[in-house]
Amino acid sequence: MTSRLLVFLLSASAVGAAMAQQATLDVNLTGIQHANGTVRVGLYQDPKTFRKEAQAVAIQQVPASAGTVTVSFDALPPGRYAIMAYHDEDGNGELNRRFGMFPTEGYGLSNNPTVSGPPAFADSAFELPAGTGAARISIDIRY
């Protein structure tokens, strides 16, 4: 076996193993009140960037629908993540707030923590283990 072929086979094996470690995360968003606008879901890995949508690992946006909406994040490596989702009722691409602090549109966090003040990454963090293939979490959207 030539050294190039051996290097290729070892590389392909490593890529295959890394891909086997990746997972799909399905996120059920429950309690959506109506079909106006969209639902935006941000996936975060860094506590310092949590809730800063421009710095999210990934963003999903889907049309709103009364009841439950599901979004998926594919090919995620195992790790610690947190999610913030909101019902962007007016379609302006941001969570509207009264006095810059109090959400005026429905929102939710992974783990559904009760928060007073800005939510913390630690309260919403969850582990996506290796080799799960697909994981599912549910987030209550609160208005």
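So, how was this worked out
Residues numbered from 1 in each chain as written. Predicted model: local features only at pLDDT ≥ 70, side-chain atom pairs only at ≥ 80, totals over all residues. Heavy atoms only, no water. Helix = DSSP H or I, 4+ residues; strand = E, 2+ residues; numbered from the N terminus. Buried < 20%, exposed > 50% of the residue type's maximum accessible area, 1.4 Å probe, protein only. Contact = heavy atoms within 4.5 Å. Areas by Shrake-Rupley, 256 points an atom, 1.4 Å probe, with all protein chains shown as cover. Pairing = 2+ DSSP bridges. Axes fitted to C-alpha atoms, helices over the stretch in contact; angles between N-to-C directions. Salt bridge = Lys/Arg side-chain N within 4 Å of Asp/Glu carboxyl O. Core = buried A, V, L, I, M, F, W, Y, C linked by side-chain atoms within 4.5 Å.

Chemist: Explain the overall build of the protein chain here, please?
Modeler: Within the protein chain, the regular secondary structure consists of 2 helices and 10 strands. Secondary structure elements of the protein chain, listed N to C terminal, follow the sequence α-β-β-β-β-β-β-β-β-α-β-β. Counting over 143 residues, the protein chain shows a buried share of 36%. Partitioning the contacts of the protein chain with sequence separation of at least 6, the portion at a separation of at least 24 is 70%. Total accessible area on the protein chain stands at roughly 8000 Å², and carbon and sulfur atoms take up 54% of it.

Chemist: Before we go on, may I ask you to explain the environment of Thr-38 in this structure?
Modeler: Within the secondary structure, Thr-38 is located in strand E2 (residues 38-44). Relative accessible area serves as the criterion here: at 16%, Thr-38 is assigned to the buried category. With sequence-adjacent residues up to four places away left out, Thr-38 is seen in contact with Gln-61, Val-62, Pro-63, Ala-64, Tyr-86, His-87 and Asp-88.

Chemist: Explanation requested: the sheet that holds strand E10 (residues 134-140) in the structure shown.
Modeler: Pairing in this open sheet of 3 strands is mixed, and the strands run E4-E1-E10 from one edge to the other. Each of the sheet's edge strands pairs with one partner strand only, and the pair in question is strand E4 (67-76) and E10. Direction aside, the axes of adjacent strands within the sheet are offset by 20° on average. One ladder, built from 7 bridges, connects strand E1 (residues 23-32) with E10; its direction is parallel. Paired with Leu-29 across the strands is Ile-139, a residue of E10.

Chemist: Just to check I follow, could you spell out the pattern of salt bridges for this structure?
Modeler: A side chain of one charge can pair with a side chain of the opposite charge when the charged atoms of the two come close. In this structure the tally under the stated criterion is 3 salt bridges. Note that Arg-80 is salt-bridged to Glu-127, the shortest N-O span being 3.5 Å. Note that Arg-80 is positioned in strand E5 (residues 79-88) and Glu-127 in strand E9 (residues 126-128), a separation of 47 residues in sequence.

Chemist: Is there a simple way to think about the nonpolar core in this case?
Modeler: A general tendency of soluble globular proteins is for nonpolar side chains to be buried together. Leu-25, Val-27, Leu-29, Val-41, Phe-73 and Ile-83 are the most contacted members of the largest nonpolar core, which totals 23 residues. At the level of secondary structure, the elements contributing two or more residues to this core comprise E1, E2, E4, E5, E9 and E10. When residues of this core are assigned to their parent elements, the largest contribution, 5 residues, is made by E1. The residues touching Leu-25, leaving out its near neighbours within four places in the chain, are Leu-43, Val-71, Ser-72, Phe-73, Leu-76, Ile-83, Phe-126, Ala-135, Arg-136 and Ile-137. Judged by nonpolar contacts, the second largest core, of 11 residues, contains Ala-82, Tyr-86, Leu-95 and Leu-109.

Chemist: Honestly, the environment of Ala-85 in this entry has me stumped. Any pointers?
Modeler: If you trace the backbone, Ala-85 turns up in strand E5. Sequence-wise, Ala-85 and Gln-60 are 25 residues apart; in three dimensions their C-alpha atoms are separated by 9.3 Å. What Ala-85 contacts, discounting residues up to four positions off in sequence, is Leu-29, Arg-40, Val-41, Gly-106, Tyr-107, Gly-108 and Ile-141.

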